[in-house]
Amino acid sequence: MSARTISAPILPVLKPSQIRVNESYDTWLCRRCFKPIALAVHAPSGDPADIPDGVVQIRCPHCGELAQYAVRARRVRQYLGAEQYLLISPLTESGELTNSQREGK
Ligand SMILES: [Zn+2]
């Protein structure tokens with residue numbers, strides 16, 4: 001009886017107080033409270049989350065829920081302040097709750 005339920009790596013996330021306005025972050029939407037969870041490192045390459053079909057674990061800094069997320073569900077969002085995010089990479093394959101805003105600079 002092997003309890004091999006969870007093997008996905010837990011990724012470090014930012015606390016809401018560490019998120020800066022106008023910075024862009026890799027984010028997932030929390031399954032429980034639906035707030036964006038910002039990843040601590042915006043790694044351009046070589047990060048463990050860089051597997052298209054991979055699964056990672058993230059603990060929501062808002063509600064504390066630890067859940068698994070598909071890596072491909074990751075989206076880049078720019079923080080606008082006051083808990084508002086702008087979705088920058090709208091290459092979605094459905095599933096995102098956000099209305100896709102795309103703005104040029
Ligand atoms: Zn949450």
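Parameters and conventions
Residues numbered from 1 in each chain as written. Predicted model: local features only at pLDDT ≥ 70, side-chain atom pairs only at ≥ 80, totals over all residues. Helix = DSSP H or I, 4+ residues; strand = E, 2+ residues; numbered from the N terminus. Buried ≥ 20, exposed ≤ 12 C-beta atoms within 10 Å, placed from the backbone. Pairing = 2+ DSSP bridges.

Draft legend 1. Highlighting unusual backbone geometry. For phenylalanine 34, which is not a glycine, the phi torsion comes out positive at approximately 65°. One can find phenylalanine 34 in the loop between β2 (24–29) and β3 (36–38). Owing to 12 C-beta atoms within 10 Å, phenylalanine 34 belongs among the exposed residues under this scheme. A positive phi angle, near 55°, is found at alanine 82, a position not held by glycine. With respect to the helices and strands, the residue alanine 82 is situated in the loop between β6 (75–81) and β7 (84–87). Note on alanine 82: 6 C-beta atoms within 10 Å, which makes it exposed.

Draft legend 2. Quick look at the pairing of β2. Here β2 lies mainly inside the structure; 5 of its 6 residues are buried. Pairing of β2 with β6 involves 4 bridges; the strand directions are antiparallel. From the neighbouring strand, serine 24 faces β6, where its bridge partner is glutamine 78. In this sheet, β3 lies alongside β2 in antiparallel orientation, the contact comprising 3 bridges. Across the sheet, residue leucine 29 finds its bridge partner in β3, namely proline 36. Hairpin connection, β2 to β3: the antiparallel pair is bridged by 6 residues, and phenylalanine 34 has positive phi, about 65°.

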